[in-house]
Amino acid sequence: MVLLGLLQAGGSVLGQAMEKVTGGNLLSMLLVACAFTLSLVYLLRLAVGHLVQLPAGAKSPPYIYSPIPFLGHAIAFGKSPIEFLENAYEKYGPVFSFTMVGKTFTYLLGSDAAALLFNSKNEDLNAEDVYSRLTTPVFGKGVAYDVPNPVFLEQKKMLKSGLNIAHFRQHVSIIEKETKEYFQSWGESGEKNLFEALSELIILTASHCLHGKEIRSQLNEKVAQLYADLDGGFSHAAWLLPGWLPLPSFRRRDRAHREIKNIFYKAIEKRRQSEEKVDDILQTLLESTYKDGHPLSDDEVAGMLIGLLLAGQHTSSTTSAWMGFFLARNKTLQEKCYLEQKTVCGEDLPPLTFDQLKDLNLLDRCIKETLRLRPPIMTMMRMVKTPQYEVYKSYSERFPEILPLTLRHFFFFLITGRHRCIGENFAYVQIKTIWSTMIRLYEFDLIDGYFPAVNYTTMIHTPENPVIRYKRRSQ
């Protein structure tokens, strides 16, 4: 989550910058320290510029005071966000404000908060002002949160038109083949980092399905590293610090963006020149137009392809990894999932089909239960443009039965609303196909009973030390 680990992010960024960029040179270290200080001043000015003036007589949410200037509650929140929120809820209720790194954050907890978020207009609760700092350097200019919301909605509609059942039917065999080839290197048994493996596999399968054969054919180890460097742009440092700072991770991100864009440009040019009409997302974008009739530029197509891949990679790989550990901990459930494969698909376990995936009800429930127990993120953010506290209170007054909230209701997985993920259906096809194949290949066990804790200091809540034990099934 973006808010987590702010103190660690600031300290580690400064330390790494001094270590890696300066090589220990005293003058360079001073320059980096000055740049870091200037960036903090920049953030403070940015925060002040976004303060919303409350109308006369309007009330503010309860504010949690901190004696530490500028940093505010960043230390306590970054160290243990769940404990911080629980304590705040017990004392202040489901809505409260506090300061971290020069910015005031207001937390709204519970289902009425979700109602406010999803029913609000973008001009009231703005997403671009929060997320563009992260997405624009990764996806590129002219797409996603770098454009006005109406344009972004048009782009999402274009992508959604290519994420249809006809394509999903093609994707199942592609994902199954990629998965079998990937796990050939695992051998008969062993111990592996499940999250790392699934992160790589999610990239490979998503690229093949969503980018097209021209781009997937170039996905070697070098390009995979470029994806990793680009993905490294989704960090606390990228959200906290100005993008012009010469940090190693920023330089790697920007270099990877340029090189991946060049790969995409060549694939786009080859497809445009070809008379072959391939039914995939790339072709969908090349044939799409905005409402006014003008087509997407090559730069927009490339940026949307990057966004389509990386925007869902984190959540899919994290959810897939967590589900693996839940199945490893519950061997009875794991075997039931294996038997479901035989019942639905056939005793000899033939190649998977899209229609079979729909009937794997137990596996589907395992995914949904994983999302309930381990939602990938615990906070959605918006920049407040107009006063909202009085609006929030009206939700609570109209629906008093949802208050007070119990602690277990702090976080829940949201699957509805106009902000629903356009790639959700593809993600289910991808995860169900990958795990159907994995369950057919291996039995999974915890190592000495170890079940990972949640790493709340990352933007997506990944499992800590996610190493799992596996053994190939006897056919």
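First things first, this report covers the structure right here in the doc. As the structure is a computational prediction, the values presented were derived from the model and not from experiment.

**Concerning helix α8 (residues 165-182)**
Move 1: With 18 residues, α8 extends 25 Å from end C-alpha to end C-alpha; this agrees with the ideal 26 Å at 1.5 Å per step.
Move 2: Of all the bends found along α8, the most pronounced is centred on H171 and spans about 30°.
Move 3: For α8, the complete set of buried residues consists of H167, F168, H171, V172, I175, E176, E178, T179 and Y182.
Move 4: The secondary structure elements touched by the buried residues of α8 are α7 (149-162), α9 (194-211), α10 (213-216), α14 (281-287), α17 (354-358) and α20 (424-441).
Move 5: With a side-chain oxygen lying 3.2 Å from the backbone nitrogen of A166, the N-terminal cap of α8 falls on N164.

**Some points on the nonpolar core**
Move 1: By size, the foremost hydrophobic cluster in this structure holds 118 residues, and its most contacted members are W186, Y227, F264, L285, L310, W435 and F444.
Move 2: The element contributing the most residues to this core is helix α15 (residues 298-329), with 15 residues.
Move 3: The residues touching F264, leaving out its near neighbours within four places in the chain, are H211, I215, Y227, A302, L305 and I306.

**Regarding the packing of helix α11 (residues 221-231) against α15**
Move 1: Where α11 contacts α15, the two axes come as close as 11 Å, and the packing angle between them is 70°. In terms of orientation, α11 lies roughly perpendicular with respect to α15. For the pair formed by α11 and α15, the contact residues are Y227, L230 and D231 on the first element and I306, L309, L310, Q313 and H314 on the second.
Move 2: By residue class, the composition of the contact of α11 with α15 is 5 nonpolar, 2 polar and 1 charged.

**Quick look at the pairing of strand β6 (residues 442-445)**
Move 1: Here β6 shows a buried face lined by Y442 and F444 and an unburied face lined by E443 and D445.
Move 2: Bridging between β6 and strand β9 (residues 467-472) involves 4 bridges; their strand directions are antiparallel. Along β9, the bridge assignment pairs E443 with K471.

**Overview of the pattern of salt bridges**
Move 1: Counted according to the given criterion, the structure contains 20 salt bridges.
Move 2: E176 is paired through a salt bridge with K180; the nearest N and O atoms lie 3.9 Å apart. Placement of the pair is E176 and K180 together in helix α8, with a separation of 4 residues, close to one helical turn.
Move 3: Classification of K180 by relative accessible area gives partly exposed; the value is 41%.
Move 4: Residues E259 and R255 are paired through a salt bridge, measuring 3.2 Å at the closest nitrogen-oxygen approach. Pair noted here: E259 and R255 are both in helix α13 (residues 248-273), with a separation of 4 residues, about one helical turn.
Move 5: E259 gets classed as partly exposed once you look at its relative accessible area, which sits at 26%.
Move 6: Residues joined by salt bridges that share partners form a network here, namely R169, D355 and K358.

Basis of the calculations
Residues numbered from 1 in each chain as written. Predicted model: local features only at pLDDT ≥ 70, side-chain atom pairs only at ≥ 80, totals over all residues. Heavy atoms only, no water. Helix = DSSP H or I, 4+ residues; strand = E, 2+ residues; numbered from the N terminus. Expected span 1.5 Å × (residues − 1). Bend = angle between axes of the 7 residues up to and from the residue. Buried < 20%, exposed > 50% of the residue type's maximum accessible area, 1.4 Å probe, protein only. Contact = heavy atoms within 4.5 Å. Polar contact = N/O pair within 3.5 Å; in protein donor to acceptor, adjacent residues only side chain to side chain. Core = buried A, V, L, I, M, F, W, Y, C linked by side-chain atoms within 4.5 Å. Axes fitted to C-alpha atoms, helices over the stretch in contact; angles between N-to-C directions. Parallel < 35°, antiparallel > 145°, perpendicular 65-115°, else oblique. Nonpolar A, V, L, I, M, F, W, Y, C, P; charged D, E, K, R; others polar. Pairing = 2+ DSSP bridges. Salt bridge = Lys/Arg side-chain N within 4 Å of Asp/Glu carboxyl O.

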